[in-house]
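# Secondary and tertiary structure notes
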Amino acid sequence: MLKFTVVDIDGEPIARHLTAAEAAHIILVDDGREYEIRPTDNGGFVLWSRQQVANRPWAKTVVFSLADTLAEAETEIFAAVISADWPRHPEAMTDLQFDAIAAEA
């Protein structure tokens, strides 16, 4: 099973040996944020987010899935989150990628 490391914006590890869902969760709740995966009116699911500490409302993101079930949608959406380059957010990489970078340092 593929495992992931999440690093902060300085490249320091936050957590290691995570599933894709665990890694995505760390990225999505960074800096007091919350998230939900909600069904859409015409099928599929979309990722919603808000930053409660800033009293911001829920906002629909561009991350979505056309999957039939929530479980399938979570798998797709979490994969998109960990492969995205979110500005000013932690990022995820495989444990092997992190080990290779650490070995070069």
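Our structure is the block above this text.
What you see is a predicted model, and the numbers here were worked out from it, not measured in a lab.

## What about the sheet that holds strand β3 (residues 33-39)?
- Taken in spatial order, the 3 strands make up an open sheet running β3-β4-β5, and their pairing is antiparallel. Two strands close off the open sheet at either side, each with one partner strand: β3 and β5 (59-65). Sheet twist, expressed as the mean angle between neighbouring strand axes with direction ignored, is 25°.

## Overview of the environment of H17
- Here H17 shows up in strand β2 (residues 13-18).
- Taking the C-alpha atoms as reference, H17 lies 14 Å from E91; in sequence the two are 74 residues apart.
- In this structure, H17 is in contact with K3, F4, T5, E22 and D95, ignoring residues within four places of it in sequence.
- In this structure the side chain of H17 is engaged in a polar contact, spanning 2.9 Å, whose partner is the side chain of D95.

## A closer look at the side chain of T94
- Position of T94 relative to the elements: it lies in strand β6 (residues 91-94).
- Using a relative accessible area of 16% as the deciding quantity, one classes T94 as buried.
- In this structure, T94 is in contact with L2, K3, F4 and T5, ignoring residues within four places of it in sequence.

## Some points on the nonpolar core
- The biggest cluster of nonpolar side chains holds 19 residues, and the ones touching the most others in it are A23, L47, I77, V81 and I82.
- Broken down by secondary-structure element, the contributors of at least two residues to this core are β1 (4-7), β2, α1 (20-28), β4 (45-51) and α2 (70-83).
- With 5 residues, α2 is the single largest residue contributor to this core.
- Once you skip the residues sitting within four places of it in the chain, A23 turns out to touch F4, V6, L18, I82 and A92.

So, how was this worked out
Residues numbered from 1 in each chain as written. Predicted model: local features only at pLDDT ≥ 70, side-chain atom pairs only at ≥ 80, totals over all residues. Heavy atoms only, no water. Pairing = 2+ DSSP bridges. Helix = DSSP H or I, 4+ residues; strand = E, 2+ residues; numbered from the N terminus. Axes fitted to C-alpha atoms, helices over the stretch in contact; angles between N-to-C directions. Contact = heavy atoms within 4.5 Å. Polar contact = N/O pair within 3.5 Å; in protein donor to acceptor, adjacent residues only side chain to side chain. Buried < 20%, exposed > 50% of the residue type's maximum accessible area, 1.4 Å probe, protein only. Core = buried A, V, L, I, M, F, W, Y, C linked by side-chain atoms within 4.5 Å.

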